[in-house]
Structure formats: C-alpha cells, structure tokens
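# Structural description and commentary
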Amino acid sequence: MRFRLIGLILLASVAAPAVPVLAQRDVPVDRRVDRLEQEMRAVQRRVFPGGRAQTVEPEIRPEADVIESTATGDALGNLVERVNSLESQLRTLTGQVEEQGNSQRQMEQEISRLRADLQVRIDRLEQQARPAEPAAVPPPEDEGPTTAETTEPTGTSTETSATDPAEAAYNAGYRLWAAGDFAAAATALEAVGTRYPSSRWASWARNLHGRALLDDDKPAAAARVLLANYEGNPRGERAADSLYFLGQALTRLNRRTEACRVYDELERVYPQMRDFVRTRLPQARTAARCAAA
C-alpha cells in the first residue's frame, strides 16, 4: 500500500501540469525534467532495492543527444520527449506496484486457506488419536452369587443362603472366575465339589469349574470335568449346562461329531433346559457343523 501511494503521488505530480510547458516560465523546463528524473530514481530505489531499478530505467537519450538536438534547434522537442518517457515509465512502475499488491493479497488468501485446511487435518488426527472409551462389560447372566441382588434357586431362602458354607465357597470361586482369574477359580471351585459333594452347590461348582478350564484354554481338562458333572449328578441344577459346555469343549478339540452327539443328548434329556442354554444351542450346533435336526 505504501508503494501504491508513492506511485499515485508521483503520477499526480506528472499529470498535473495540463497547461502548455511554455506557460510555466518561472521554472525552466530542463530543471523540471532533472527534478522529475531524480524523483523517479528515488521511487525506483525504494520500490526496487538492491539494484533492481534497471528494469524500469527511463529510456532517455544520453546528454550528447540533447546537445546534438540543441545544435539543430530541437531542444524543446527533446525535453518534451524526455517528459513523455518519464510519464510512460512512471505508469509502468505504478502498474508493477499494483500487480505486486494483487499478488500479495492472493498469497495471503492462499496462506489462510492452507491454515484452515491444516487445522481441519490436525483436528481429525487428534480425534483419531483419542483412545476409545472401553465398552461396559455386562455381568455374566448364567452364573453368579446367589445373594439378595440375584434370583435365588428354588427352595433356598435368603437366610439359608447367607449361612450356607457351600454357597459361600461357590460365590468366592465365582468372583475369581468373573474377575478373569481362571486358574484360581478352577482350584476354588474344584474344592467346593470335593468338600461338599452332597450339596446342591456341587453341581454349580463343578459346572463352573469346567467353564473356568475352558476359558483358560484347557478344553481337554474342561471336557473331563463337565462330563463327570453330568454323569455323576444328571439331576443337578447345572447338569444340562455341563452338557452344553461339554459340546463346546469337544468342538474346540476338533471332535465335532462327538460334540453333535452331546447336543442331541442335551435336547433329548433336558427338553426343559433353561433359556440361557436353549438360545445358544443353535449357534453351537452350527459351529460344530451338526446336521439339521
């Protein structure tokens, strides 16, 4: 903007004298031309520092040409030509200053667009880098402590559950299993079945013992425990569950034919199996590649 103002002031100073040159008799023409040339050089030095003024150097003939023109009686025409040349060069300089201003504005707009685009990309990267919130893990729906917050099995009161050592031992093993400590859970639940073999909780403990082994990636050991729980106590409250998880263990052992036989027996012996097993049985049969019933 500063360069534009300088150019406009100089352009106005050149274009101002609309009256004939001969009318300004108080200032000689050659002095006016000299002063205009000096101002022109000053503008060039400010607009084009470092020697770049040569790109718009006025196309004025050397002083020898002026002397020669004077000798021929054409001094006034030479001075007018010099003034016209200075005006032309000043217009060129003004145009270049305006072009530089336009280029600068375009560059600033481009920088603003680049900044906006960069900010959007940074925001997107920051959003992708944020750790995802862990999904809430629902509590197991098929096993659990039989305290006041869960549905108790038929025939057991809250008061009895609170004082039954077998149930308390089972609950301790369940909590280990729910916490993911499968090895410790298997040990605790095995002890429940051994210590309280006649308790109703023995069926629960042995079934969950087999599940803990299965979750601990020990399907062979799990199969033995689950089969023993079904054969040793077929009327136990978790006998049907043990048959279902026995089929799961056999599928893991790539013994799909035997797994399908176990599922067939489950449907035959326990038509009143609980919904937890019934809803999962079709998918289990598909995983074992069982024929349609």
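Above this note sits the structure.
Residues numbered from 1 in each chain as written. Predicted model: local features only at pLDDT ≥ 70, side-chain atom pairs only at ≥ 80, totals over all residues. Heavy atoms only, no water.

## Quick look at the overall build of the protein chain
A tally of regular secondary structure across the protein chain gives 13 helices and zero strands. In the protein chain, the succession of helices and strands from N to C terminus is α-α-α-α-α-α-α-α-α-α-α-α-α. Within the protein chain, residue pairs in contact and separated by at least 24 positions form 61% of the contacts whose partners lie at least 6 positions apart. (Helix = DSSP H or I, 4+ residues; strand = E, 2+ residues; numbered from the N terminus. Contact = heavy atoms within 4.5 Å.)

## A short note on the packing of helix H8 (residues 201–215) against helix H10 (residues 239–252)
Two elements in contact, H8 and H10, have axes whose closest approach is 10 Å; the angle formed by their N-to-C orientations is 15 degrees. As the angle between them shows, H8 and H10 are arranged roughly parallel. Like other packed secondary-structure pairs, H8 and H10 cross with a definite hand, here left-handed. Of H10, the residues touching H8 (which contributes Ser203, Asn207, Arg211 and Leu214) are Ala239, Asp241, Ser242, Phe245, Gln248, Ala249 and Arg252. Considering only residue class, the contact of H8 with H10 consists of four nonpolar, four polar and three charged. (Axes fitted to C-alpha atoms, helices over the stretch in contact; angles between N-to-C directions. Parallel < 35°, antiparallel > 145°, perpendicular 65-115°, else oblique. Left-handed = near helix turned anticlockwise from the far one by under 90°. Nonpolar A, V, L, I, M, F, W, Y, C, P; charged D, E, K, R; others polar.)

## Focus: the environment of phenylalanine 276
Among the secondary structure elements, phenylalanine 276 is positioned in helix H12 (residues 275–278). Looking at phenylalanine 276, the relative accessible area reads 11%, which means it is buried. Between the C-alpha atoms of phenylalanine 276 and aspartate 241, which are 35 residues apart in sequence, the distance is 8.8 Å. (Buried < 20%, exposed > 50% of the residue type's maximum accessible area, 1.4 Å probe, protein only.)

## Points about H10
Between its terminal C-alpha atoms H10 stretches 20 Å, which fits the 20 Å expected from 14 residues at 1.5 Å a residue. The buried fraction of H10 is high, at twelve of 14 residues. For H10, the complete set of buried residues consists of Ala239, Ala240, Asp241, Ser242, Leu243, Tyr244, Phe245, Leu246, Gly247, Ala249, Leu250 and Thr251. Next to the buried residues of H10 lie H8, helix H9 (219–232), helix H11 (256–269), H12 and helix H13 (281–287). The first or second residue beyond H10 is asparagine 254, which carries a positive phi of 65 degrees. (Expected span 1.5 Å × (residues − 1).)

## Here's the deal with the packing of aromatic side chains
Overall, the coordinates contain seven aromatic pairs when judged by the stated rule. Judged by centre distance (5.8 Å) and plane angle (25 degrees), the rings of tyrosine 170 and tryptophan 201 are stacked. Taken together, the positions of tyrosine 170 in helix H6 (residues 165–178) and tryptophan 201 in helix H8 put the pair 31 residues apart, joining distant regions of the chain. By the burial criterion, tyrosine 170 is buried, and tryptophan 201 matches it. Ring geometry for tyrosine 174 versus tryptophan 177: centroids 5.9 Å apart, planes at 45 degrees, classification tilted. You can see tyrosine 174 and its partner tryptophan 177 sitting in helix H6, three residues apart, about one turn around the helix. (Phe/Tyr/Trp six-rings, centres within 6.5 Å; stacked < 30°, edge-to-face > 60°.)

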